[in-house]
Amino acid sequence: MSKRRTERLLSIVVLLLSTRRYLTADQIRAAVHGYPEPYDTFKRMFERDKDELRDLGIPLEVGVNSPLDDEPGYRIRRQDYELPEITLEADEAAVLGIAARVWQSAEFAGAAAGALLKLRAAGMEDDDAAAAPGIEPRLRTPEPAFGPLWEAVRDRRPVTFSYRAQGRSDAQRREVEPWGVVNRRGRWYVAGHDRARNATRVFRLSRIEGPVRMAGRPGSVTVPGDADVRELVRDWDWSPPRDHTAVLRVRDGAGLGLRRYALSTEPDVPGWDRVTARFGDVPWYADHVAWYGPDVVVLDPPDLREAVIARLKGVLA
Amino acid sequence: MTQPPRMVTSAERLRRLLALVPYVVSRKSVGLAETAVAFGVSERELVDDLNLVWCVELSSPDPYCPIDLSYEGGEIVVSQAESIARPLRLTADEASALLVALRMLSEVPGDRSATSRLIAKLEAAAGEAAAASAQVAVQIEVPNEDGVAQQIRSALAAGRRLHLRYYVPGRDEATERDVDPMRLLVVEGRTYLEAWCLLAEGVRLFRLDRVLSLEVLDVPSAVPEDAEHVDVDQGLFRPSDSDVLVTLELSAEARWVAEYYPCESVTELADGWLRAALRTPDTRWVRRLALRLGEDGRVTGPPELVSAVRQDAAAALALYA
């Protein structure tokens, strides 16, 4: 950590905020302490300082004071810099405390803490102890792909990554224009335009292998106006409507997870009930039924019966 | 144990300084100790920060000090702050961190008015920086059949005991118990009730979609003082060393298992197969999982479990003979 550098950066911010005129690099150098004598070294340091300030979100504006100026200058407009007035009621501050803890150990944890600091700096009083409305949500981002994908979405840049689709034994290279990231049922997805396939695709972050690389300049991705990333992921994760009927023989007192969604339950042979239930597709329901092992027998339909038998035989194979 | 000194970049420190000045300005005067806590620094670091700010000197063309402050007697007062009296705007990341979390929170049934008001205020304050947050969405599952989530929230607010009929799929059992509610947790997209269970005499988590029925009792909740919250940041299910170590081999079709259940280790095998090892106090659910996976999964240990799975499959298959 360089104390002098921090001091110099702070000086630039104060200087540029208090001027209405654009100040050239030389004028800044004259007003701020700590730039070295050799001009080339100064220029290099000044370029780095500007990048650093912009990374912090400080709106450095470039312009000229008159059309006759041949060298552009810099200033910071107060209305672009300052957080507008914001006052929170006690219940709002309590909710803010909960929201700031959501990312606790995840990608946005630092950003949430930074936001809280700025709101406190704006005068917000939040007392964590007072905020106990009994609800504690958490989001996690264990997938290393989350960080770079969020940056790509935020800055509208295309990306490439290697992806192993469900059920495939090898990974494939994908080039994607990402439109948004979505968490559904605790899993992260990215939705966007797959360039090679020239189609809209959804990818699960946990199936991305290796690094996510930027494949274009910021601003080079256009998100279609009608793209709804939530809906895309919901459709991808779609389960078919329950429009088939199964007849099952379920042992007395067992198969509660099946009975819970039964259309009807009636006594069958001694020790067993006959349960009728609706289901969407055979593989999904066969998985569900097989879970109950020797407590359930499929009577109908035959394809469901065969699918369960195949699973049981698969165990013994 | 002594902490190694934290390395802070110039940018991070500048971010802190730009918040520190308005923090003091907006409070007129504020204690050193209290401020150090708010900024997560030691008092010594805070004094270094204040000295740095105070030392800023500009020449334009005559030297002057734009910021004047003091911290005599442990009270910080900024008497001149010029242009940095207000905090910097929120960045896109900062605005998104809060807005995405708040929109997720507003999906939980219950009183959402404070959440909606706060979202509107933050969107207004963040301005353009709020736009990117629309590109991140969180959908959580809050089963609210029969208003379960809402009933729990009101029982929490009123401090009342609950009676639960709760389904345990691994054992295929419906259990009945009285619980004293502690918190509603939303983790990994699912909603859980954290409660003191009078049956188990301990803190337990109940998944809301497994609550078969619920009754708010006319009995005050009495969570013991020494009941400890589940540490949600460490993962909800922490295996203990006394648990059984189960090993599974999973085909490419069954790789989801290694994502769904917390595994101790996952190793790649040939042809897209995985070997996964996990710990569990009760292996009955693994027997059921094995039947569900069929040829896409193989339980490889411990040996008792391997033979139990084969017996289950043979017994189930016999019913189709």
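Definitions and cut-offs
- Residues numbered from 1 in each chain as written.
- Chains lettered and ligands numbered in written order.
- Predicted model: local features only at pLDDT ≥ 70, side-chain atom pairs only at ≥ 80, totals over all residues.
- Helix = DSSP H or I, 4+ residues; strand = E, 2+ residues; numbered from the N terminus.
- Rg over C-alpha atoms; globule rule 2.2 N^0.38 Å.
- Buried ≥ 20, exposed ≤ 12 C-beta atoms within 10 Å, placed from the backbone.
- Contact = placed C-beta atoms within 7 Å.
- pLDDT = per-residue confidence, 0-100.
- Pairing = 2+ DSSP bridges.
- Axes fitted to C-alpha atoms, helices over the stretch in contact; angles between N-to-C directions.
- Core = buried A, V, L, I, M, F, W, Y, C linked by C-beta atoms within 7 Å.
- Nonpolar A, V, L, I, M, F, W, Y, C, P; charged D, E, K, R; others polar.
- Parallel < 35°, antiparallel > 145°, perpendicular 65-115°, else oblique.
- Domains from an automatic or database assignment.

## Considerations on the overall build of chain A
Logical step 1: Scanning chain A for helices and strands turns up eleven helices and twelve strands.
Logical step 2: Taking 2.2 N^0.38 as the reference for a compact globule, 317 residues should give roughly 20 Å; the C-alpha atoms of chain A span a radius of gyration of 30 Å, well beyond that estimate.
Logical step 3: Dimensions along the principal axes, computed over C-alpha positions, put chain A at roughly 95 × 50 × 35 Å.
Logical step 4: Here chain A holds 317 residues, and 36% of them are scored as buried.
Logical step 5: Of the contacts made within chain A by residues no fewer than 6 positions apart, 57% connect residues no fewer than 24 positions apart.

## Thoughts on the confidence of the model for chain A
Reading fine detail from the predicted coordinates is not recommended where pLDDT is low.
Logical step 1: Taken as a whole, chain A shows an average pLDDT of 90; of its residues, 97% reach a score of 70 or greater.
Logical step 2: Confidence, read as mean pLDDT per element, is least for strand β3 (residues 135-137) of chain A in chain A (87) and greatest for strand β4 (residues 159-163) of chain A (96).

## Examining the sheet that holds strand β14 (residues 274-280) of chain B
Residues and elements named next belong to chain B.
Logical step 1: Strand order in this open sheet of four strands is β13-β14-β12-β15, and the pairing throughout is antiparallel. Two strands in the sheet have a free side with no partner beyond their single neighbour: β13 (265-268) and β15 (297-301). Between one strand axis and the next, the sheet turns through 25 degrees on average, direction left out of account.
Logical step 2: Taken together, the seven bridges between strand β12 (residues 244-250) and β14 define a ladder with antiparallel strand orientation. Across the sheet, the residue bridging to E249 is R275, located in β14.
Logical step 3: On the sheet, helix α8 (residues 284-293) packs against β12, β14 and β15 and is oriented at approximately 145 degrees with respect to β15.
Logical step 4: The strands touched by helix α9 (residues 303-318) are β12 and β15; relative to β15, the strand with the most contacts, the crossing angle is about 140 degrees.

## Brief notes about the pairing of strand β9 (residues 244-251) of chain A
Residue and element names in this part refer to chain A.
Logical step 1: Here β9 runs beside strand β11 (residues 272-279); their pairing, made up of eight bridges, is antiparallel. Residue pairing for β11: R249 is matched across the bridge by R274.
Logical step 2: In this sheet, strand β12 (residues 296-300) lies alongside β9 in antiparallel orientation, the contact comprising four bridges. Note that in β12 the partner of V247 across the bridge is D300.

## As for the nonpolar core
Proteins that are soluble and globular tend to have nonpolar side chains buried together.
Logical step 1: V13, A99 and L149 of chain A together with V21, L98 and A101 of chain B are the most contacted members of the largest nonpolar core, which totals 128 residues.
Logical step 2: If one sorts the elements of this core by residue count, helix α4 (residues 92-105) of chain B sits on top with ten residues.
Logical step 3: Once residues lying within four places of it in the same chain are set aside, the contact partners of L98 of chain B are A99, A100, A112 and A115 of chain A together with L122 of chain B.
Logical step 4: By size, the runner-up hydrophobic cluster in this structure holds 39 residues, among which are V250 and L258 of chain A together with A258 and L289 of chain B.

## Concerning the pairing of β13 of chain B
Residue and element names in this part refer to chain B.
Logical step 1: Bridge count between β13 and β14: four bridges; the pairing is antiparallel. Counterpart to S265 in the pairing with β14 is A277.
Logical step 2: Taken together, β13 and the strand that follows it, β14, pair antiparallel across an intervening segment of five residues, in which D271 is found at a positive phi of about 55 degrees.

## Description of the interface of chain A and chain B
Logical step 1: The partner chain B presents 94 residues to the 96 residues of chain A that form the contact.
Logical step 2: Looking at the side of chain A that touches chain B residue by residue, the class counts come to 52 nonpolar, 21 polar and 23 charged.
Logical step 3: Looking at chain direction, strand β5 (residues 172-184) of chain A and strand β6 (residues 136-139) of chain B are connected through four bridges and run parallel. Of the residues in β6 of chain B, the one forming a bridge with R184 of chain A is Q139 of chain B.

## Here's the deal with the packing of helix α6 (residues 109-121) of chain A against α4 of chain B
Logical step 1: Remark: α6 of chain A packs on α4 of chain B, axes separated minimally by 8 Å, with the N-to-C direction vectors making an angle of 95 degrees. It follows that α6 of chain A is roughly perpendicular to α4 of chain B by the angle criterion. Taken together, the residues of α4 of chain B that come into contact with α6 of chain A (itself represented by A111, A112, G114 and A115 of chain A) are D93, E94, A95, A97 and L98 of chain B.
Logical step 2: Taken together, the residues that form the contact of α6 of chain A with α4 of chain B break down as six nonpolar, one polar and two charged.

## What about unusual backbone geometry?
Logical step 1: Following D300 of chain A, the chain continues into P301 of chain A via a peptide bond in cis, with omega recorded as 0 degrees.
Logical step 2: As for its position among the elements, P301 of chain A is in the loop between β12 and α11 (302-316).
Logical step 3: With an omega of 0 degrees, the peptide bond running from G301 of chain B to P302 of chain B counts as cis.
Logical step 4: At N198 of chain A, a residue that is not glycine, the phi angle is positive and equals roughly 50 degrees.
Logical step 5: By the secondary structure assignment, N198 of chain A is in the loop between β6 (187-194) and β7 (199-204).
Logical step 6: Since 7 C-beta atoms lie within 10 Å of it, N198 of chain A is described here as exposed.
Logical step 7: One non-glycine residue with positive phi stands out, namely K28 of chain B, at about 65 degrees.

## Observations regarding the domain arrangement of chain A
Logical step 1: Under the domain assignment, chain A is made up of domain 1 (3-81), domain 2 (90-130), domain 3 (146-236) and domain 4 (244-316).
Logical step 2: Relative placement of domain 2 of chain A and domain 3 of chain A: their C-alpha centres are 29 Å apart.

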